[in-house]
Amino acid sequence: MSENNREQFRPDDHPNEHFLLTSIVGSYPKPKWLNRATDLAEDPDSKFTDEHLHEAHDDACRVIVDEHERTGLDTVSDGEMRRNEMVEFFADRIDGYEFNGPVKVWGHNYFDKPSVVDDVEYAESWLVDEFEFTQAAASKPVKVPITGPYTLASWSFNEAYADDAELSYALADLVNEEIEALVDAGARYIQIDEPALATTPDDHAIVGECLDRIVAGIPDEVRIGLHVCYGDYSRIYPELLEYPIDEFDVELCNGDYEQIDVFTDPEFTTDLALGVVDVHTTDVESVEEIKENIRQGFKVVPPERLTVSPDCGVKLLPREVARQKIENMVTATREIEAELDAGEIDLGPEVSAD
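Residues numbered from 1 in each chain as written. Predicted model: local features only at pLDDT ≥ 70, side-chain atom pairs only at ≥ 80, totals over all residues. Heavy atoms only, no water.

## With respect to the sheet that holds strand β2 (residues 95–99)
Reading across the sheet, the 3 strands line up as β2-β5-β7 and stay open at both edges, with mixed pairing between neighbours. Either end of the sheet is taken by a strand with one partner, and the two such strands are β2 and β7 (157–158). Bridge count for strand β5 (residues 114–121) against β7 is 2 bridges, and the pairing is parallel. If you follow S115 over to β7, its bridge partner there is F157. Along the sheet, helix α6 (residues 164–184) makes contact with β2, β5 and β7, crossing β5 at roughly 60°. (Pairing = 2+ DSSP bridges. Helix = DSSP H or I, 4+ residues; strand = E, 2+ residues; numbered from the N terminus. Contact = heavy atoms within 4.5 Å. Axes fitted to C-alpha atoms, helices over the stretch in contact; angles between N-to-C directions.)

Spelled out as structure tokens, the structure:
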């Protein structure tokens, strides 16, 4: 992994000398009309066709990319407008998976949990068309989130492999193929999502082996991030420092940064992507509140190694709330950069800027 691959995302007209990369984790609220279009496409009595739904997805992608860019984000995405669920979407595109109906996961919520019934194989690209469309719609660099192989294995019924580790490694090889295809299409920022690691942290070595396979042969200029949802990070730290990634994305805002010190001993040696707005509340954090949250990151890394993002995907928030949170996040980041330029922020003896 390269020490300098974040600089490619600095806008040409960036207003400050310091640059804290701003990004979104992945999902974003879908326009209500897209949800209605999806319902119509699934209704056998409707005249709404798959072609109509494809057009609706295209339109939603353009809308969300524009919304992201107007907030001032340095890197954008389509908010996963074409995806239904983070495991189902990929399992539906991987040979060896099949679906046998939904299972109850909590309350009255159901998940169409897939089964692996044969060797998993890579037949055709999962995300290249999505990326190319988003890239064409965007004027800023596009970030591509991919559900990681450990989560794909853990959240499926395994009926074909000796254990979930073996399945995870086979899936990791497929993710590597997909990333190679994305890189050939121009992608330079890839995020691997491994929420399952938060619930089974003792499997950190399996995730490490998966990441070794995922990045094999990927050029250094491609930025690889790993997002792990809220959990007991002390159970995977400092082991995660051995992962071949450029940044580790953490969900700490909703826990009031009680775990921030976990990452200070031993020294954090990768970049930190810090969640600074809580995706579990509709309360919109003020710019000043977010600036305080950003300063938490300086306890771990210097400014040039800090990425600023929401805690997690924001798809469950009302869309206007999500937009306001991200807009305030970008404003707070630019103000922090200006204060760093002016020497107004004391980084302390442990962390200093270059």
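Here the narrative resumes, following the displayed structure.
## Structural notes on the pairing of strand β6 (residues 144–147)
Of the two faces of β6, both are covered, the one formed by V144 and I146 as well as the one formed by P145 and T147. Where β6 lies against strand β8 (residues 189–193), 4 bridges are found, and the strand directions are parallel. Paired with T147 across the two strands is D193, which belongs to β8. (Buried < 20%, exposed > 50% of the residue type's maximum accessible area, 1.4 Å probe, protein only.)

## Concerning the sheet that holds strand β9 (residues 223–228)
With parallel pairing, the 7 strands of this open sheet are ordered in space as β1-β12-β11-β10-β9-β8-β6. Every other strand in the sheet has two partners, leaving β1 (21–22) and β6 as the edge strands with one partner each. Relative to β9, β8 runs parallel, the two sharing 5 bridges. Residue pairing for β9: D193 is matched across the bridge by H227.

## Some words on unusual backbone geometry
Following Y237, the chain continues to P238 via a peptide bond in cis, the omega torsion being 15°. Among the structural elements, P238 can be located in the loop between β9 and β10 (247–250). One non-glycine residue, D256, adopts positive backbone phi at about 55°. Structurally, D256 is set in the loop between β10 and β11 (271–275). Take D256: its relative accessible area is 62%, and that puts it in the exposed class. For Y257, which is not glycine, the phi torsion reads 60° and is therefore positive. By secondary structure assignment, the location of Y257 is in the loop between β10 and β11.

## Let's talk about the pattern of salt bridges
Tallying each qualifying case throughout the model produces 25 salt bridges. The partner of R6 in a salt bridge is D271, with the nearest N and O atoms 3.2 Å apart. On the criterion of sequence distance, the pair formed by R6 in the segment before β1 and D271 in strand β11 is long-range, its members being 265 residues apart. D271 shares its class with R6; the two are buried. (Salt bridge = Lys/Arg side-chain N within 4 Å of Asp/Glu carboxyl O.)

## As for the environment of Q8
Tracing the backbone shows Q8 in the segment before β1. Aside from chain neighbours lying at most four places away, what touches Q8 is R188 and E221. At 2.7 Å, the side chain of Q8 and the backbone oxygen of E221 are in polar contact. (Polar contact = N/O pair within 3.5 Å; in protein donor to acceptor, adjacent residues only side chain to side chain.)

## What about the packing of helix α9 (residues 287–297) against helix α10 (residues 319–341)?
Running from N to C, α9 and α10 cross one another at 60°; their axes reach a closest spacing of 8 Å. Relative to α10, the element α9 lies oblique. Relative to α10, α9 is oriented so that their crossing is right-handed. Note on element contacts: α10 touches α9 through K325, N328, M329, T331, A332, T333, E335, I336 and E339, opposite V287, E288, I290, K291, I294 and R295. In terms of residue class, the contact of α9 with α10 is built from 6 nonpolar, 3 polar and 6 charged. (Parallel < 35°, antiparallel > 145°, perpendicular 65-115°, else oblique. Left-handed = near helix turned anticlockwise from the far one by under 90°. Nonpolar A, V, L, I, M, F, W, Y, C, P; charged D, E, K, R; others polar.)

## Considering the nonpolar core
One finds V120, I146, I190, F248, F263, F268 and I294 to be the most contacted residues of the largest nonpolar core, which totals 104 residues. If we skip the residues at most four places from it in the chain, I294 touches L20, L274, V276, L306, V308, A332, T333 and I336. (Core = buried A, V, L, I, M, F, W, Y, C linked by side-chain atoms within 4.5 Å.)

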